[in-house]
Amino acid sequence: MIPEIGHFALILALCVAVVQGILPIYGAAVGNSALMAVAKPAARGQFLLVLTAFCCLGYAFAEKDFSVLYVAATSNSQLPLHYRLAAIWGAHEGSLLLWTFILSLWMFAVTLFSAHLPDATRSRILGVMGLVSVGFLLFMLTVSNPFERLIPAALDGRDLNPLLQDPGMVIHPPMLYMGYVGFSVAFAFAIAALLGGNLDAAWARWSRPWTTVAWCFLTVGIAMGSGWAYYELGWGGWWFWDPVENASFMPWLAGTALVHSLAVTDKRGGFKVWTVLLAIMAFSLSLLGTFLVRSGVLTSVHAFATDPKRGLFILAFLAVVIGGSLALYAWRAPRVGLGGSFAMVSREGMLLANNVLLVAAMGSVLLGTLYPLFLDALDLGKISVGPPYFDSVFVPLMVPAIFLMGIGPLAQWKKASLPDLAKRLQWAFGVSVVTALALPVVMRNWTPLLSLGLLLAIWIVTTAVVTLRERLTHVNGNTLVERLASVPKSYWGMLVAHCGIAVFIVGVTMVKGFETEKDVRMNVGETATIGDYTFRFDGAQDVVGPNYTAARGTFSVSRDGRETTVLYPEKRRYTVQNQVMTEAAIDPGLLRDLYVSLGEPLNEGAWSVRLYHKPFVDWIWGGCFIMALGGVLAISDRRYRIAWRRQEPAVPASTRTARRKVA
Amino acid sequence: MKRLILIALLLSGPAWAGEARPLADDPAAEARLKHLAVELRCLVCQNQTLADSNAPLAEDLRREVREMIAKDMSDKEIIDFLVARYGDFVLYRPPLKATTTLLWVGPFVLLMIGATALIMTLRRRAHQVVDVPVTDEEHRRVEQLLAEGGKRS
Amino acid sequence: MNRFLLPLSIFIVVVIFLGVGLKLNPREIPSPLVGKVAPDFSQPQLYDPAKVFSPADLKGKVWLLNFWASWCSGCRTEHPVLMELAKSGEVPIYGMDYKDQHDEAMTWLKRWGNPYPVVGVDDAGRVGINYGVYGVPETYVIDKQGVIRYKQIGPLDPDTVAKKILPLVKQLESQ
C-alpha cells in the first residue's frame, strides 16, 4: 500500500510539474498574473508530493518491504537501519528519486526566498525548474520506477553493494546532488532572464547567492566522494580521473567560473552573455554527468547498472533541455547589452582570463573523458585516457589560473597598471619563490613539481595577506580588530576560499612528494617501520558484524618507542553478495595519515599488509572544506542577506494584483 | 633492578619479534613494477590500474611484467609486449599518434582559442562601449529593489 | 554565422556522439592480433597430458581456437552453440582450458558434451596472455597460414556464428 502511495504521489507530482512548467511561463509571456500566480503553490505542492514519495520509499526500506523490487535489490534484512535508509540512493532508481526530491527542495527554497523578485521573473524561474522536473519524473515513471513491485516478494534482499556500506556514502550523494541540482537554480535564473530579456545587474545579484550555495555543496560533495575513495577502496588514492569523478568535476569547474563571472556582472554589469552561458553550462554538465553515470557509455568504477533504454531517455532529455536553452541563448544573447568598459589589464580582464583558463580546463576534462567514446564511435580503435593524461594537461592550465588568482583581487576595476601591481606584489612573489625553493631542500627531496606546488600555495597565501593589508587601510576603524571586522564578509569569503585552494595544493604536493608505502609480509609480533612510525602486528581475530564476517588485524603503532595508536584494519566478507572488502584503518593527523590495509592471509597467522605514510593528505579535503567555508562566508554577507531574510509580505491578494498592473 | 631484568627480558626474550620482510623478493623490481603498473589499465576491471587491481588477470599480468623486469627488459619493451596483445587500451597515457593528436593538443588549442577570443572581444568591445557601466546610481537602484522586496510597485 | 550559435553546434556534435556511444560496448576491446600470425604454443592436452597441442599441427586448416573454463558462466551460455557447430562439421573447434582445475574441466565436458577434437591446457594463463585474452570465453578464427582472422569476445551466439564465423570460414577455406 505505502509503495503505491509513493508511486501515486509521483504521478501527481508529474501532473503538477507539467502545470508548473507551462502556465507560469505562458502567463509571464502574456502578462497574465493569475497564471503566474500558479507557480508558487505548484512548486510547493510538488515539493510535498515528491517528499511523500521519498518518505514512502524510505518507509519501504525501514520496514524491509522486499515486495518492492528496488528494496529487494539494494538492501537486506541484516543491513543496519542507517544503511537501509542510505540505500534509497544506493542504486539508479532511488538516486533518481533523490535527484528529483532535491530539485523540488530547491524549488521550495526559491518560493521561500523570492519575495523580492518581480512576479514574471519568479514565475519563469519556477516554470523552468518545473520543466526540468517533468523530465525527471517522467524518466522515473517510465523506465526507472523505484516503487515497482516484485511479486511474489523476495524472502530477503540482495543487499546493498558493500562498497556503499559506509558512513561517507550516507551523506556524500545528497551533498553532491545538492550541488548538481543547485545549479538548476542559476540555470533557471538565466533562462528566465533570457526569456524576459532582462539580463541586468539585479539578475546577477539575485543569482549569486544561489550559485554560491550550490557551489559550496558541490565542493563538499566532491571532497567527500574523494575521501570515501581514499579510505574505502583500500589503495590509498584519492582521485583517479574516473569518468564519474570527472562528471562531478566538470560542473564544479564551470560553477567556479560562474561564481567569478557573476561577481563581475553584479559589480560592473559586464560579461552578461558569458555569465548566462556559464550558468547554462554548469547545469548542462550536471545533466551530462547524470547521463554518463547511468547510460553505460563509459566504463567506470562507480557507474550504475546500465540499460540502453534509460540512456536513450536521458539523452533525449539532455537534447531537449540543453539544446533548447542553447538555442534560446543563440537567439537572445545578441541583443544583450555590453555593460561597463574596462581595459585588458583590470580586475574584469583578469577574472575573464581566469574564466578562460577554467573553461579550457573544463573542456580538457570533457575532451579526455569523451575521447575514447569519440574514437570508438568513429571506429578508430579503443584507447584509455587516464590519470597520466589528465595530470599532464590539467596542471599547465591551472598554474596560470592560480598565478592570476593571486593578482586579480589586487587589481582595480576598470583599469589597473601592471607596473603598479608588480610593485605591490614584489615581496609576495619574492617570499613565495624563496620559500618554494628552500623548503624542499630543507626537507631533502627536491623535485620541480614539489617546488611548483609549494610556490603556488605560498603565492596564494602571501598575495591574500597583501590584499588584506591593503584592504585594511581602506576601511574604517581605529583598532585592528575594528578594521578587520569592517572588511565585508564577502571579501573574507573570497580570501578564505582562495586560501582553501592553497591548503588543497599543499596537501596534493606533499602527498605526491613525500608519501611512502610498504608491502610487507607480517608474522604476529613482527614490526615494520614507515616514516618514523613502527607498526607491530599483534595478530588477526575473527569478528562478526551485522551482515559480514571479518578478520580484524591489530597493529600497535609507536614512534620513538612511545605508543601512538592502535589500528584495526579489517578484511570483510559480506555474506549476501559474498564480496570481500578491504577496510583500511587510518590514523588521521594534521601533518600525516597512517594507513594500514590487510592484504591476504598467509600461512601461520601471517598476513600481507600494505602500509602508507601520507604526509598532509588530510589537507586535500581540508582545503575543499575551507573553500566551501569561504562560500558560506560570502553568502552571509549583508548585501545578500537582504534577499534571504525577506519573507513574503503580508499583503492582501487584491492589492498585489493591483500593484502588478501598475508595474 | 627489576627494570634491568625487564629490559633483559625484552631484549632476549621474544624470539618472534623482528622486522617484517617485504612481500616482494626484490623490492627494487617491485618498485619498477609499481611505476609501470600505475599507468597500465586492468582489462577486466571497470576502470582500475594494473597496480591496484586484484583481478586474476591483473595478477597474471603483474607476474608477466615481473618476469620481464627480471629479464632486464626496458620499460618500452615491456609496454610494447602488452600493447601487442591488448592494444593501446592498456595504456592510461594514450600514445601520441594521428588519432590522438586532437586529444593531446586539444586542451592547448582550447586555451589558444579562448585567449584569442577574449582579446578580440575585448578589443572590439573597447570600440563599441561608451562607458556606461553600472553607475553608483544603478547600484543604489539595485540595492533599493532588493531592499524593498515585495513593497515595490 | 552567428557566434552565439557555437555552443549549440558543439552540443549537437556531442549529442550525436553520445547517441552513437549508446550502441557501443565500452568493455569490448578489439584485438591488435587480428591479421597477425597466431602466437605459437605447445601445451599439454587435457585428455592426455603427455601429448602436446600446438597450432603448428594445424597448418593448412581453417580452425577455431576457443578459450574456456569450467568456472566461466559465459562458457556455459555458449556451449550449446559450440556443440551445434561441432556437429555440423563446418569447422573444427579446438579448446584451450584457461586457468582451470583438471578434474573440474573433465567433469564439465563430460556433463555438457565435448565439442573439441583436442583441448589444450593453459594452466598459468600464459597462452591467454599471448593471445590477449582478457575474459573467457574468447574465440579466434585462424586461417590456413596460421593467421588470426577474427576474434570473438564473449559468448558466441547462433547469430554471430551464422552471419560472421561461417561466411568467414568459407571464404578462408576457398583461399
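Everything numeric in this text was worked out from a predicted model, so none of it was measured. (Residues numbered from 1 in each chain as written. Chains lettered and ligands numbered in written order. Predicted model: local features only at pLDDT ≥ 70, side-chain atom pairs only at ≥ 80, totals over all residues. Heavy atoms only, no water.)

With respect to the overall build of chain B
Each helix and strand counted, chain B has six helices and two strands in total. Taken from N to C terminus, the helices and strands of chain B fall in the order α-β-β-α-α-α-α-α. Relative to its full complement of 153 residues, chain B shows a buried share of 38%. Put simply, of all contacts in chain B between residues at least 6 apart along the chain, 43% involve residues at least 24 apart. Accessible area for chain B stands at about 9,200 Å²; split by element, carbon and sulfur atoms hold 63% of it. (Helix = DSSP H or I, 4+ residues; strand = E, 2+ residues; numbered from the N terminus. Buried < 20%, exposed > 50% of the residue type's maximum accessible area, 1.4 Å probe, protein only. Contact = heavy atoms within 4.5 Å. Areas by Shrake-Rupley, 256 points an atom, 1.4 Å probe, with all protein chains shown as cover.)

Observations concerning the overall build of chain C
Across its full length, chain C holds five helices and seven strands. Taken from the N to the C terminus, the helices and strands of chain C come in the order α-β-β-β-α-β-α-β-α-β-β-α. Computed over C-alpha atoms, the radius of gyration of chain C comes to 20 Å, more than 25% over the 16 Å expected from 2.2 N^0.38 for 175 residues, which places it beyond the range of a compact globule. By principal-axis analysis of the C-alpha atoms, chain C measures approximately 75 × 35 × 30 Å. Taken over 175 residues, chain C has a buried fraction of 53%. Taking as baseline every contact in chain C between residues at least 6 positions apart, the subset at least 24 positions apart corresponds to 71%. About 8,300 Å² of surface is accessible on chain C, with carbon and sulfur atoms providing 58% of the total. Taking the 19 positively charged and 18 negatively charged side chains of chain C as two groups, their mean positions are separated by 7 Å. (Rg over C-alpha atoms; globule rule 2.2 N^0.38 Å. Lys, Arg positive; Asp, Glu negative; His and termini not counted. Charge placed at Lys NZ, Arg CZ, Asp CG, Glu CD.)

Focus on the packing of aromatic side chains
The tally for this structure, following the rule as stated, stands at 48 aromatic pairs over all chains. Note on Tyr329 of chain A and Phe4 of chain C: the rings are 5.9 Å apart at their centroids and 75 degrees apart in plane angle, and the pair reads as edge-to-face. Of this pair, Tyr329 of chain A sits in helix α12 (residues 308–332) while Phe4 of chain C sits in the segment before α1 (6–23), which puts the two residues in different chains. Of the residues examined, Tyr329 of chain A reaches a relative accessible area of 4% and is grouped as buried. Ring centres 4.8 Å apart and planes at 70 degrees place the aromatic pair Phe616 of chain A and Trp619 of chain A in the edge-to-face group. The buried category is assigned to Phe616 of chain A, whose relative accessible area is 17%. Chaining the aromatic ring pairs together yields one cluster made of Trp215, Trp239, Trp241, Phe249, Trp252, Tyr389, Phe390 and Phe394 of chain A together with Trp104 of chain B. The lysine or arginine in question, Arg471 of chain A, covers the ring of Tyr491 of chain A, its NZ or CZ lying 4.2 Å from the ring centre. Against the face of Trp112 of chain C rests Arg76 of chain C, its NZ or CZ located 3.3 Å from the ring centre. (Phe/Tyr/Trp six-rings, centres within 6.5 Å; stacked < 30°, edge-to-face > 60°. Lys NZ or Arg CZ within 6 Å of the ring centre and 35° of its normal.)

A few points about the interface of chain C and chain B
Each partner contributes residues to the interface: chain C has 18 residues there, and chain B has 19 residues. A buried area of about 1,500 Å², summed over both sides, lies between chain C and chain B, and 48% of it is on carbon and sulfur atoms. Between Glu67 of chain B and Arg126 of chain C there is a salt bridge, and its shortest N-O distance comes to 2.9 Å. Here chain C is connected to chain B by six residue pairs in polar contact (both at pLDDT 80 or more). The element best represented in the side of chain C that touches chain B is helix α4 (residues 126–130) of chain C, accounting for four residues. In terms of residue class, the side of chain C that touches chain B is made up of nine nonpolar, five polar and four charged. (Buried area = accessible area lost by both parts, 1.4 Å probe. Salt bridge = Lys/Arg side-chain N within 4 Å of Asp/Glu carboxyl O. Polar contact = N/O pair within 3.5 Å; in protein donor to acceptor, adjacent residues only side chain to side chain. Nonpolar A, V, L, I, M, F, W, Y, C, P; charged D, E, K, R; others polar.)

Considering the pairing of strand β6 (residues 570–574) of chain A
Residues and elements named next belong to chain A. Taking burial as the measure, the five residues of β6 include four buried ones, the bulk of the element. Two elements, strand β4 (residues 548–559) and β6, share five bridges in a ladder whose sense is antiparallel. Each residue of the ladder has a partner; that of Ala551, found in β6, is Lys571. Alignment of β6 against strand β7 (residues 579–583), held across five bridges, turns out to be antiparallel. Residue pairing in the sheet places Tyr574 in a bridge with Gln579 of β7. (Pairing = 2+ DSSP bridges.)

Points about unusual backbone geometry
Residues apart from glycine generally show negative phi values, whereas peptide bonds are mostly found in trans. The omega angle of the peptide bond from Ile151 of chain A to Pro152 of chain A is 0 degrees, so this bond is cis rather than trans. Topologically, Pro152 of chain A is positioned in the loop between α7 (119–143) and α8 (167–196). For the bond running from Val136 of chain C to Pro137 of chain C, omega is -5 degrees, close enough to zero to count as cis. In this fold, Pro137 of chain C is placed in the loop between α4 and β6 (138–142). Positioned with a positive phi, Asp560 of chain A is a non-glycine residue whose angle comes to about 50 degrees. With respect to the helices and strands, the residue Asp560 of chain A is situated in the loop between β4 and β5 (562–567).

Some thoughts on the packing of helix α11 (residues 272–295) of chain A against α12 of chain A
For any two helices packed against each other, the geometry comes down to the angle between their axes and how far apart the axes lie. All names here are of chain A. At a minimum axis distance of 10 Å, the contact between α11 and α12 shows a crossing angle of 175 degrees. Taken as axis vectors, α11 and α12 run roughly antiparallel relative to one another. Together, Val273, Val276, Leu277, Ile280, Ser284, Leu287, Leu288, Thr290, Phe291, Arg294 and Ser295 of α11 and Gly311, Ile314, Leu315, Phe317, Leu318, Val321, Ile322, Ser325, Leu326 and Tyr329 of α12 make up the contact between the two elements. In terms of residue class, the contact of α11 with α12 is made up of 15 nonpolar, five polar and one charged. (Axes fitted to C-alpha atoms, helices over the stretch in contact; angles between N-to-C directions. Parallel < 35°, antiparallel > 145°, perpendicular 65-115°, else oblique.)

With respect to helix α18 (residues 489–514) of chain A
For α18 of chain A, with 26 residues, the first-to-last C-alpha span of 37 Å sits near the 38 Å given by 1.5 Å per residue. In terms of residue burial, α18 of chain A counts as a mostly covered element, since 19 of its 26 residues are buried. (Expected span 1.5 Å × (residues − 1).)

A look at the state of the cysteines
Evaluated as defined, the whole model comprises one disulfide over all chains. A disulfide bridge connects Cys72 of chain C with Cys75 of chain C, and the sulfur atoms are separated by 2.1 Å. Of note, the bridge from Cys72 of chain C to Cys75 of chain C carries an S-S torsion of about 100 degrees and is right-handed in sense. For the residue pair Cys72 of chain C and Cys75 of chain C, the accessibility class agrees, reading buried in each case. Of all cysteine sulfurs, the one in Cys56 of chain A lies closest to Cys55 of chain A, which takes part in no disulfide; the gap is 7.1 Å. (Disulfide = S-S within 2.5 Å.)

A look at the pattern of salt bridges
Residue and element names in this part refer to chain A. Counted under the stated rule, the structure contains 35 salt bridges over all chains. Put simply, Arg552 and Glu570 hold a salt bridge, and the shortest N to O gap is 3.0 Å. Here Glu570 lies in strand β6 and Arg552 lies in strand β4, a separation of 18 residues in the sequence. Relative accessible area serves as the criterion here: at 31%, Arg552 is assigned to the partly exposed category. A residue is classified by how much of its surface remains accessible, and Glu570, at 5% relative accessible area, is buried.

Looking at helix α3 (residues 56–70) of chain B
Under the 1.5 Å per step criterion, the end-to-end length of α3 of chain B is 21 Å for 15 residues, consistent within 8% with the ideal 21 Å. Here α3 of chain B has its buried residues at Leu57, Ala58, Asp60, Leu61, Arg62, Glu64, Val65, Met68 and Ile69 of chain B. In the core, the buried residues of α3 of chain B are packed alongside α2 (27–37) and α4 (75–86) of chain B together with β4 (93–98) and α4 of chain C. Looking at the residues trailing α3 of chain B, positive phi occurs at Asp72 of chain B, about 65 degrees.

Comments concerning the packing of helix α6 (residues 92–112) of chain A against helix α9 (residues 201–232) of chain A
All names here are of chain A. Packing of α6 against α9 leaves a shortest axis separation of 13 Å and a crossing angle of 150 degrees. Classified by the interaxial angle, the pair formed by α6 and α9 is roughly antiparallel. In this structure, the crossing between α6 and α9 has a hand that is right-handed. Residues Trp106, Ala109 and Val110 of α6 form the contact with α9, whose own contacting residues are Trp210, Val213, Ala214 and Phe217. A breakdown of the residues in the contact of α6 with α9 according to their chemical character gives seven nonpolar, no polar and no charged. (Left-handed = near helix turned anticlockwise from the far one by under 90°.)

Looking at the pairing of β5 of chain A
Residue and element names in this part refer to chain A. Sheet topology note: the β4/β5 ladder contains five bridges and is antiparallel. Counted as the bridge partner of Val557 is Thr565 from β5. In textbook terms, the turn of a hairpin is the stretch between consecutive antiparallel strands, and for β4 and β5 this stretch comprises two residues, one of which, Asp560, has a positive phi near 50 degrees.

Concerning the confidence of the model for chain B
All names here are of chain B. Of the residues in chain B, 73% have a pLDDT of 70 or more, and the chain-wide mean is 78. Per-element confidence in chain B is highest for α4, whose mean pLDDT is 92, and lowest for helix α1 (residues 2–12), whose mean pLDDT is 45. Under a pLDDT of 50 for its full length, residues 1–16 has, in the predicted model, five contacts with residues more than four places off or in other chains. (pLDDT = per-residue confidence, 0-100.)

Side note on the sheet that holds strand β10 (residues 607–615) of chain A
Read across the sheet, five strands follow the order β8(A)-β9(A)-β10(A)-β1(A)-β2(B) without closing on themselves; strand pairing throughout is antiparallel. In this open sheet, the two edge strands, each paired with only one partner strand, are β8 (585–587) of chain A together with β2 (21–22) of chain B. Where strand β9 (residues 592–601) of chain A and β10 of chain A come together, eight bridges link them in antiparallel fashion. Counted as the bridge partner of Leu598 of chain A is Val609 of chain A from β10 of chain A. Most of the contacts of α9 of chain A go to β9 of chain A, to which it runs at about 45 degrees, and overall it touches β8, β9 and β10 of chain A.

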